[in-house]
Amino acid sequence: MRGALLDRDGVLLLLDEEALYQKALELAVHGAGLERSLAVLARGMRTLEEAVRGLKVRTLEEEEALWHHLVEEAAQELRLPKERLLPWRYYRFMKRAPGAEALLKALKARGLKIGVLSNTLPSLRESLAYHGLDAYVDGFFASTALGVAKPHPEAFLLALEALGLKPEETLYLDDDPENVEAARRLGLWAEVYAYQRALGS
């Protein structure tokens, strides 16, 4: 084994619903109301998800333009200055999955080359950097930047080529069984990954 490809969502990062709710509370205090604040934030997240599914945002510059557009709309609806919303990129509403850093450290300790292949926006590296995980990763492969999404075989092959790895020498971990099956058909050592929940959760 020479390398490992990992999914991001469900393996390294998780949606932080508490952070989303706390931000809505903060906005509600400024007069927008909790229900409206939650609705605006949820709509923004859905718009980003649609951009990912449609592979509509191919570069960081295009992502930046989309984000500014969403912030302008949200600021108008909530009657807030856009400066209050601009810093709140989607990955600030995410958190490290339990054991994420330990997993990356263990793979690095084995001398493996590590890539993250995720159906997400071009800011994949930035999302992991925000949560302090980017230093363990050798290659960042966002579906939008690649122009193809998992489970399409080309997504895996492009990532492997960039890392200089062959399927048969690469571990693949994902929480989506469909993606795992696609990776197995290409010859990767693929497994469905279930993060270890914290005690009591």
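Look up: the structure comes first, before these words.
**Q** Outline helix α2 (residues 34–53), supporting the account with residue identities and numerical values.
**A** Counted at 1.5 Å a residue, the expected span for α2 with its 20 residues is 28 Å, and the 29 Å between its end C-alpha atoms agrees. Directly beyond the C-terminal end of α2, a positive phi value near 50 degrees is found at Leu 55.

**Q** So what's going on with helix α8 (residues 177–186)? Which residues, and what values?
**A** Where α8 is concerned, the buried positions are Asn 179, Val 180, Ala 182 and Ala 183. Viewed along the axis of α8, the buried residues span an arc of 160 degrees, placing them on a single side of the element. Structural note: α8 exposes Pro 177, Glu 178 and Arg 185 on the side pointing more than 90 degrees away from its buried face. For α8, the secondary structure elements touched by its buried residues are α7 (153–163), β6 (170–174) and β7 (189–192). The first or second residue beyond α8 is Gly 187, which carries a positive phi of 105 degrees.

**Q** Can you tell me about the nonpolar core, naming the residues and giving the values?
**A** Grouped together as the largest cluster of nonpolar side chains are 51 residues, with contacts concentrated most on Leu 6, Leu 12, Leu 103, Leu 107 and Leu 128. Here the element with the most residues in this core is helix α3 (residues 60–78); it accounts for 7 residues. Setting aside residues no more than four positions away along its own chain, Leu 107 makes contact with Ala 4, Leu 6, Leu 112, Ile 114 and Leu 171. Counting 16 residues, the second largest nonpolar core, distinct from the first, contains Phe 141, Phe 156, Leu 163 and Val 180.

**Q** Residues and numbers for the pattern of salt bridges, please.
**A** For the structure shown, the criterion picks out 12 salt bridges. Of the charged contacts, one joins Asp 9 and Arg 8 as a salt bridge, the two residues approaching to 2.6 Å between their closest N and O atoms. Asp 9 sits in the partly exposed class, given a relative accessible area of 29%. Here the residues in one salt-bridge network are Asp 7, Lys 150 and Asp 174, joined through shared partners.

Cut-offs used in this document
Every chain begins its residue count from 1, and numbering advances along the sequence as written. Reporting of local features is limited, given that this is a predicted model, to residues whose pLDDT is at least 70; pairs of side-chain atoms are given and counted only at 80 or more, and all residues count toward the totals for whole chains, interfaces and linings. For the side-chain quantities, the full set of heavy atoms in the structure was used; hydrogens and water were omitted. A run of DSSP states H or I qualifies as a helix once it reaches four residues; a run of E qualifies as a strand once it reaches two. Both are numbered from the N-terminal end. A helix is expected to span 1.5 Å for every residue after the first. Three exposure classes are used, based on accessible area relative to the maximum for each residue type with a 1.4 Å probe and protein chains only: buried under 20%, partly exposed in between, and exposed over 50%. Taken from the helix axis, the directions to the C-beta atoms give the arc we talk about. Here, two residues are considered to be in contact whenever any of their heavy atoms come within 4.5 Å of each other. Buried Ala, Val, Leu, Ile, Met, Phe, Trp, Tyr and Cys residues form a nonpolar core when they are joined through side-chain atoms within 4.5 Å. In the sections that follow, a salt bridge refers to a side-chain nitrogen of Lys or Arg positioned within 4 Å of a carboxyl oxygen of Asp or Glu.

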